[in-house]
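# Structural overview
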Amino acid sequence: QVQLVESGGGLVQAGGSLRLSCVVSARTFSAYPMGWFRQAPGKEREFVAAISWNSGAIYYADSVKGRFTLSRDNAKNTAYLQMDSLKPEDTAVYYCAASPNHSGSYNLLSFYDYWGQGTQVTVSS
């Protein structure tokens, strides 16, 4: 059973920073591509960023490119999403996800089999 637990969300002013963490309870975490998605009220869940198993490939949505940084520490079974220069439009519930696959589209919801419960990020103007 693979479980994902996010943390690090909260309330921050525009221009501020937060770092989200996602701890994965799986022996094979180091083999899983990881992704972050977000869902704002009344909107569909959307892709934010993804990272390959060895950090060799990292992808970002255009809306966060240059402001967010995704990384992972396989020794700690943890993925991190550093979010800087936050904007009110970044307000959403953020979800991490893991995939047992290595090929496919990292930006698609369907690529991922395992999901966390989400953490709220609120950016005030």
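Residues numbered from 1 in each chain as written. Predicted model: local features only at pLDDT ≥ 70, side-chain atom pairs only at ≥ 80, totals over all residues. Heavy atoms only, no water.

## Regarding the state of the cysteines
To keep things clear, this is the line we draw: The disulfide criterion used throughout: a pair of cysteine sulfur atoms within 2.5 Å. The helix count covers DSSP runs of H or I at least four residues long, the strand count covers runs of E at least two residues long, and both are numbered beginning at the N terminus. With a 1.4 Å probe rolled over the protein chains alone, any residue whose accessible area is under 20% of its type maximum counts as buried; one over 50% counts as exposed, and the rest are partly exposed.
Here the structure, examined in full by the defined rule, presents 1 disulfide. Covalently, Cys 22 is tied to Cys 96 through a disulfide, its sulfur atoms 2.0 Å apart. Torsion about the S-S bond of the Cys 22 and Cys 96 cystine: about 60°, corresponding to right-handed handedness. You can see Cys 22 sitting in strand S3 (residues 18–25) and its partner Cys 96 sitting in strand S9 (residues 92–98), a full 74 residues away along the chain. The buried category is assigned to Cys 22, whose relative accessible area is 0%.

## As for the nonpolar core
Filter applied, for reference: By convention a nonpolar core is built from buried Ala, Val, Leu, Ile, Met, Phe, Trp, Tyr and Cys residues, the set being connected through side-chain atoms within 4.5 Å. A contact between two residues is defined here by any heavy atoms of the two lying within 4.5 Å.
Judged by nonpolar contacts, the single largest core of 37 residues is most densely connected at Met 34, Trp 36, Leu 81, Met 83 and Tyr 94. Listing elements by their share of this core, those giving two or more residues are S3, strand S4 (34–39), strand S5 (46–51), strand S7 (68–73), strand S8 (78–83), S9 and strand S11 (119–124). Setting aside residues up to four positions removed in sequence, Leu 81 forms contacts with Leu 18, Arg 19, Leu 20, Trp 36, Val 48, Ala 49, Phe 68, Thr 69, Leu 70 and Tyr 94.

## Thoughts on the sheet that holds S3
Filter applied, for reference: For two strands to be treated as a pair, DSSP must find no fewer than two bridges joining them. In this analysis an axis means a line fitted to C-alpha atoms, helices contributing only their contacting stretch, and an angle means the value between N-to-C directions, from 0 to 180 degrees.
The strand order across the open sheet formed by 4 strands is S1-S3-S8-S7, and the pairing between neighbours is antiparallel. On the outer flanks of this sheet lie strand S1 (3–7) and S7, each paired with one strand and no other. In this sheet, neighbouring strand axes are inclined to one another by 15° on average, regardless of whether the strands run parallel or antiparallel. The pairing of S7 with S8 spans 6 bridges and is classified as antiparallel. Within S8, the residue paired with Leu 70 across the bridge is Leu 81.

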